[in-house]
Amino acid sequence: MASTILVTGATGTIGSEVVKALAAKPGVTVRVAVRSAAKAEKLLGANVVPVDFDYEKPDTIAAAVKGADRVFLLTPFAQNQVDLGKLLIDASKAAGVKHIVKLSAVGADIEPGIQLGRWHRAIEKLIEASGVAYTFLRPANFMDNFIHYYPPAADGNIYLPLGTGACSYIDSRDIAAVAAAVLTEDGHSGKAYVLTGPAALTTAEAASAIGKASGRDIHYVDVPEAAASKGMLEMQMPGWMVDAMMELHGIVKAGYASATTQLVEQLTGHAPRTFADFARDRAAAWTTKS
Ligand SMILES: NC(=O)c1ccc[n+]([C@@H]2O[C@H](COP(=O)([O-])OP(=O)(O)OC[C@H]3O[C@@H](n4cnc5c(N)ncnc54)[C@H](OP(=O)(O)O)[C@@H]3O)[C@@H](O)[C@H]2O)c1
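Residues numbered from 1 in each chain as written. Predicted model: local features only at pLDDT ≥ 70, side-chain atom pairs only at ≥ 80, totals over all residues. Heavy atoms only, no water.

### Description of the overall build of the protein chain
A count of helices and strands for the protein chain gives 13 helices and 11 strands. Here the protein chain has a C-alpha radius of gyration of 19 Å; the compact-globule value for 290 residues is 19 Å, and the two agree. The dimensions of the protein chain, computed from C-alpha atoms along their principal axes, are 50 × 35 × 35 Å. Across the 290 residues of the protein chain, 51% fall into the buried class. In the protein chain, the share of contacts with a sequence separation of at least 24, taken over all contacts with a separation of at least 6, comes to 74%. As displayed, the protein chain has an accessible area near 13300 Å², and 55% of this comes from carbon and sulfur atoms. Both charge centroids of the protein chain, one from 27 positive and one from 29 negative side chains, sit 4 Å from each other. (Helix = DSSP H or I, 4+ residues; strand = E, 2+ residues; numbered from the N terminus. Rg over C-alpha atoms; globule rule 2.2 N^0.38 Å. Buried < 20%, exposed > 50% of the residue type's maximum accessible area, 1.4 Å probe, protein only. Contact = heavy atoms within 4.5 Å. Areas by Shrake-Rupley, 256 points an atom, 1.4 Å probe, with all protein chains shown as cover. Lys, Arg positive; Asp, Glu negative; His and termini not counted. Charge placed at Lys NZ, Arg CZ, Asp CG, Glu CD.)

### Points about the side chain of S130
Its place among the elements puts S130 in helix α5 (residues 115-130). One polar contact links the side chain of S130 to the main-chain carbonyl oxygen of I127, over a distance of 2.6 Å. A distance of 3.1 Å separates a polar atom in the side chain of S130 from the backbone nitrogen of V132. Among all residues touching S130, those that are not within four sequence positions of it are I89 and K93. (Polar contact = N/O pair within 3.5 Å; in protein donor to acceptor, adjacent residues only side chain to side chain.)

### Description of the nonpolar core
As a rule of thumb, soluble globular proteins bury nonpolar side chains together. V7, V18, F72 and L195 are the most contacted members of the largest nonpolar core, which has 32 residues in total. Top element by residues in this core is helix α7 (residues 172-184). It accounts for 7 residues. Setting aside residues no more than four positions away along its own chain, V7 makes contact with G15, V18, V19, L22, V30, R31, V32, A33 and F72. Core analysis: the second largest hydrophobic core is formed by 27 residues, A68, L88, W119 and V132 among them. (Core = buried A, V, L, I, M, F, W, Y, C linked by side-chain atoms within 4.5 Å.)

### A short note on the sheet that holds strand β2 (residues 28-34)
Strand pairs in the sheet, formed through backbone hydrogen bonds, run parallel or antiparallel to each other. On the basis of which strands lie adjacent, the open sheet formed by 7 strands has the order β3-β2-β1-β4-β5-β6-β9 and parallel pairing. Sheet topology places β3 (48-52) and β9 (191-195) at the edges, where each strand pairs with a single neighbour. Averaged over all pairs of adjacent strands, the angle between strand axes in this sheet comes to 20°, irrespective of strand direction. Pairing of strand β6 (residues 133-139) with β9 involves 5 bridges; the strand directions are parallel. Each residue of the ladder has a partner; that of P139, found in β9, is L195. (Pairing = 2+ DSSP bridges. Axes fitted to C-alpha atoms, helices over the stretch in contact; angles between N-to-C directions.)

### Regarding helix α9 (residues 225-234)
Among the residues making up α9, those that are buried are A228, S229 and M232. Considered in projection along α9, the buried side chains sweep an arc of 95° and stay on one side of the axis. Pointing more than 90 degrees away from the buried face of α9 are the exposed residues A226, K230 and E234. Count one or two residues on from α9 and you reach Q236, which has phi positive near 70°. (Arc of directions from axis to C-beta.)

Structure representation (structure tokens):
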């Protein structure tokens, strides 16, 4: 069945992988929502077309969803993400979009939970109330965070306040494979899928895998919470973002982020990548100077 799918966050970690996974599906036109045409260039292909899209410019949202059958909704890590999400949900409903697949987060349904989860749940509730069919993807922390947010420093240390807490990190490509399946198949309406990697590992184990893959001497250094907050503030991160990150780190440190599910394999037919797989495939990220 021919279908046009709008992918938001298309230039980011998850969205760019969703675009790749969808582009391989027959009968799909992938509409990549981008703030800048230049950034879209490396995503384009025979069935991949760009469309101007900026959450801060509602006109672009209405134009981008027009004629789309399904929407992959990803909101950025912004303090007003619920308002941004609402704009896209309202525009999708008005345009007759048939299904919204929302990238949420594990724990979004826990009350009172943490700020990041509450924002995701608030957007989920807006989607539920919209009457548009939906599927929520609630992934664990991304393995890719060890590239984008906390790569090893020049001295080979990964500084994080995670103690010995283990986390069931997931590879962005596995989240994207699930998203592509859910966006192109029937039978997922009204479902919320908690997506994890195959096993939980401590930060020391993650550091060891990164060291092995990159040929560097990489170690985890457990940082006290106060020092971690101070460091992020000194890097000019806004206070609300530091607070949200520290809450998230606290969940991992307390050992609450270690549960695993079998859903990646059930929904895609392949086992989720291990952290060693991820580290091997992405080793260049830690060996090439940026
Ligand atoms: N990291 C984790 O471990 C984790 C775990 C679970 C859930 N999540 C959730 O995953 C989401 C983030 O996904 P990600 O890491 O793939 O994101 P990302 O790599 O940070 O990319 C953000 C994307 O949003 C776009 N964007 C930002 N502001 C925009 C605006 N005003 N209008 C239109 N597009 C805009 C960016 O476009 P530009 O290229 O133009 O900036 C980019 O494509 C968040 O909702 C987060 O809560 C993260």
